[in-house]
Amino acid sequence: TGLDRNIVQIISVLPTAKVYQKQMSLTPVIAMVPPDTFSTYSFTKNSSEVAAIFHAPLSAFLSDANHSVEANPAFDVHHFFVDFAGERFDVMGITAGGRNWQDGER
């Protein structure tokens, strides 16, 4: 099972955008999870939704090395390439980039 939906509080669902490097659509969901969840919850991946569960140090996301940005009409997609247990993962994150959420323009 994945993360129990009963412990997640959804704040907002943002507009869907195409992620061209991955040929997929991305629908950002902003949610809150209780702080103790990560120390008390046992995570099991749903293989149809998640490729892998892994740890990445914060430093992997603070350096320009192994980082690229893909501009989209609604937001920018950041790709961080992280190595863990002999595999390389493309961890994606998004930023609004000062865009207008109503019309998709800066």
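See the structure above.
Throughout this document, residue positions are counted from 1 along each chain, in the order its sequence is written. Residues qualify for local features only when their pLDDT is at least 70, as the model is predicted, and side-chain atom pairs are given and counted only at 80 or more; totals for whole chains, interfaces and linings, by contrast, use all residues. Based on all heavy atoms of the structure, the side-chain values leave hydrogens and waters out of the count.

Next up on the list: the layout of surface pockets. A cavity here means a set of 1 Å grid points, computed over protein atoms only, where a 1.4 Å probe fits but cannot escape. A pocket is an open set with protein on both sides within 12 Å along at least 5 of 7 lines, and lining residues have an atom within 4 Å of a point. Grid points are joined across faces, edges and corners, and a volume is the space filled by probe spheres set on the points. Taken as a whole, the largest pocket encloses approximately 1500 Å³ of empty space. As for the largest pocket, its lining consists of 32 residues, of which L3, E49, V50, A52 and I53 are closest to the centre. Secondary-structure elements contributing two or more residues to the lining of the largest pocket are β3 (24-26), β4 (29-32) and β7 (87-95). Only DSSP runs of H or I with at least four residues qualify as helices, and only runs of E with at least two residues qualify as strands; both kinds are numbered from the N terminus onward. With six residues, β7 is the largest single contributor of residues to the lining of the largest pocket.

We now examine the packing of aromatic side chains. Paired rings are identified among Phe, Tyr and Trp, the last through its six-membered ring, by centres lying within 6.5 Å, and are further divided according to the angle between planes into stacked (under 30 degrees), edge-to-face (over 60) and tilted (the rest). Summed over the entire model, instances satisfying the criterion amount to one aromatic pair. For the ring pair F61 and F80, a centre distance of 5.2 Å and an interplane angle of 70 degrees mean the geometry is edge-to-face. Of this pair, F61 sits in helix α2 (residues 59-62) while F80 sits in strand β6 (residues 76-84), and the two are 19 residues apart along the sequence.

Of note, F89 is situated in strand β7. It is 9.5 Å that separates the C-alpha atoms of F89 and H79, two residues lying ten residues apart in sequence. Throughout, a residue-residue contact means that at least one pair of heavy atoms, one from each residue, lies within 4.5 Å. When neighbours within four sequence positions are excluded, F89 is seen to be in contact with A52, F54, F80, F81, V82 and F84.

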